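An overview of the molecular structure
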Amino acid sequence: MVLEKVNSPEDLKRLSLEELLQLAEEIRSEIIRVTAQNGGHLASSLGAVELILALHRVFDSPKDRILFDVGHQAYAHKLVTGRKDRFHTLRQEGGLSGFTKVSESEHDAITAGHASTSLAHALGMVLARDLKGEDYHVVAVIGDGALTGGMALAALNKIGELGKKMLIILNDNEMSISENVGALNKYFKELQIRKWVQDAEKLGRQILEHISPRLFGLVDRAKEAAKLILHQENPFYAWGLRYVGPVDGHDLKGLIHILEHLKELDGPTLLHVVTKKGKGYKVAEADPIYWHGPPGFNPEKPEKVSKGYSWSQAFGDAVTELAYLEPRLFVLTPAMREGSGLVRYSLEHPERYLDVGICEDVAVTTAAGMALRGLKPIVAIYSTFLQRAYDQVIHDVAIENLPVVFAIDRAGVVGADGATHHGVFDIAYLRTIPNLQIAAPKDALELRAMLKKALEIGGPIAIRYPRDNVERAPEGAWPEIEWGRWEVLKEGTEAYILAFGKTLKYALEAAADDPRVGVVNARFLKPLDKETLRALARYKLLTVEDHQRMGGFGSAVLEALNEMGLKPEVRILALPDRFFEHGTIPSLHRQAGIDAEGIRKALQEMGVHPAYER
Ligand SMILES: CC(=O)c1sc(CCOP(=O)(O)OP(=O)(O)O)c(C)[n+]1Cc1cnc(C)nc1N
Ligand SMILES: [Mg+2]
């Protein structure tokens, strides 16, 4: 086994090409083995194996800094940088992160997870390097999907202007999670065809040179002219970059050769590498969308597994039906068609569906433009990714009170994707925005009711729901809902649990069979149901939410009580002021004390002892 001999990138430099090729296969097997157990970003990591080995062969990490955009494709990087013995803990609680993470290894140049950050990071690093008179290489690997992010394109613009030495590697597999989108993506495809043309033309030249040198001279001049046009068209030249490629991203020998050459060049260079997402694992090559991030699977007999009916699917079914009732409805996603449950919608309403690419800011402001011209857009977006469009929500939607609905998926802790992906800040960053309303349904029926009502009410409305399964609602069901009104689900004699969103199920579990404890489905956070809150203020109150404590639902309740001059005993159960790493959702909830056990404990500390302890 070659991998056994590799404990640092240094060891790669001592391997023969044959050993490197063998190592690539061993790494692929290890990635498949561990992802089969733990789940993870299989297809992206399989596609980047040769590229990563070539990089660590040619460059000297950690002196040279190698950045991975999103960081989800870096499993081979983890395996050759001293973490192979811990690789089986990938994405497990207390184990290796599923992304690159500065605190995890000196070889991890950036903490990643959200796309399009690598180029600005690289810009900062080369400026620091040159200002300090230091000497090392900075290499940023960015996928074609991540390159659709505005941050990346804006950084490119500055990188090209400053002309500092760095290497950017575009890992082009024509995929984001879904098929990639955008004009650049089309252009990359064209470039690949041109590559094919160049190869064919090289063969033609050899034949021609043999038959008629004169004719060959003519063709050669035509080629030079074509190249000139090509370069003028090549946007990377406009950005002040040296563009090289496209090259085969699985040709390990060729990659090493070209990287050795590019390493010596001054200024910013972009190497366009073409890879196959899922390379080396048939099912992943055939369906890179499902195998982008599968849950565990049988590596010998890999099959897709259904994860059950999710909130995302409930949302997708609801908007698909709603679109037949409301012709002005339009749904936008920033590159998360599958994750947001929009496959069915995109097939049934293609003319009212838009994947803008990995650019949440563009999604929100495009929705604002649509709202200004009479549409009723819904932006389907993960809580964590909406963080990328905070100003757009305020500046382009809320100030003019535009009818844009934010269907916020993955609200709350999300599990194995960890700190970069938990959706635990959206209540705090949204509730301070005037005009914007916030709600959290307790089930799929309430989600349908809220979506339909939101389209009728108009104005900016955020409806947040968790990463979880949910009971399917009947097709065609559009229950009424009293907007802004909480729902008392259980009466109590001493205390009431005010639960927002996903924690309601924990509240009902904790209060079951206990006449002292009531439970409220506090499904509207803004507007808060002050009338019900006033009525309950004569009891002890316990608020529960799957969100940071600061600025969350509990804060809103305290502020409202203060405004009303009411001073009941209130306890807030929420996430403490720290980042939660990766782990299972139930375990993270237990750590935060927002599960049924945590609620019971808080009630006891408030002097509300469960009946059985009487
Ligand atoms: C992991 C994760 O959250 C991924 S991986 C990925 C596709 C990246 O495509 P790319 O072409 O860059 O890489 P490839 O997988 O190798 O093709 C997306 C959209 N996401 C979700 C996402 C959405 N939005 C933002 C800002 N960041 C992330 N990470
Ligand atoms: Mg890609």
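Small disclaimer: the values here were computed from a predicted structure and weren't measured.

Describing the site of ligand 1
Residues in contact with ligand 1 amount to 25 residues; listed here are only the nearest, His72, Gly113, Gly145, Lys277 and Glu360. At 2.8 Å from a nitrogen atom of ligand 1 is found a main-chain nitrogen or oxygen belonging to Ala115. Note that an oxygen atom of ligand 1 is positioned 2.9 Å from one of the side-chain N or O atoms of Asn173. The protein chains hide 98% of the 630 Å² of surface that ligand 1 would expose on its own.

Some details on the sheet that holds strand β11 (residues 461–464)
The strand order β7-β6-β8-β9-β11-β10-β15 describes an open sheet built from 7 strands, whose pairing is mixed. With one partner strand each, in any of the chains shown, β7 (353–355) and β15 (524–526) form the two edges of the open sheet. This sheet shows a mean twist of 20 degrees between the axes of neighbouring strands, independent of strand direction. Relative to β11, strand β9 (residues 405–409) runs parallel, the two sharing 4 bridges. By the bridge assignment, Phe406 is partnered in β11 with Ala462. Those strands touched by helix α15 (residues 360–372) are β6 (329–333), β7, β8 (376–382) and β9, and its axis lies near 165 degrees from that of β8.

Digging into the pattern of salt bridges
Here the structure, examined in full by the defined rule, presents 48 salt bridges. Across the pair Arg337 and Glu179 runs a salt bridge, and its minimum N-O distance is 3.0 Å. Of this pair, Arg337 sits in the loop between β6 and α14 (343–348) while Glu179 sits in the loop between β3 (166–172) and α8 (183–211); the two residues are 158 residues apart in sequence, bridging distant segments of the chain. For Arg600, the salt bridge goes to Glu597, with nearest N and O atoms at 3.0 Å. Remark: Glu597 and Arg600 occur in helix α24 (residues 596–605); sequence separation between them is 3 residues, near one turn of the helix.

Basis of the calculations
In this convention, every chain numbers its residues from 1, walking through the sequence in written order. Ligands are numbered from 1 and chains lettered from A, in the order in which they are written. With pLDDT at 70 or above as the cut-off, local features in this predicted model cover only qualifying residues; side-chain atom pairs require 80 or more to be listed or tallied, and sums for whole chains, interfaces and linings still use all residues. Values reported for side chains reflect all heavy atoms of the structure, with hydrogen atoms and water molecules removed beforehand. Summary of the distance rule: residues count as near a molecule or strand when at least one heavy atom falls within 4 Å of that molecule or strand. Side-chain atoms alone can form a polar contact between residues adjacent in sequence; in general such a contact is a pair of N or O atoms within 3.5 Å, and within protein one must be able to donate a hydrogen while the other accepts it. The accessible surface values rely on the Shrake-Rupley method and a 1.4 Å probe; as for residues, cover is taken only from the protein chains in view. Strand pairing is defined by DSSP finding a minimum of two bridges between the two strands. Only runs of H or I of at least four residues qualify as helices and only runs of E of at least two qualify as strands under DSSP, and these elements are numbered from the N terminus. Only the stretch in contact is used when fitting a helix axis, every axis being a line fitted to C-alpha atoms; angles between N-to-C directions are given from 0 to 180 degrees. By the convention used here, residues are in contact when the closest approach between their heavy atoms is within 4.5 Å. Any carboxyl oxygen of Asp or Glu that lies within 4 Å of a side-chain nitrogen of Lys or Arg is treated as forming a salt bridge with it.

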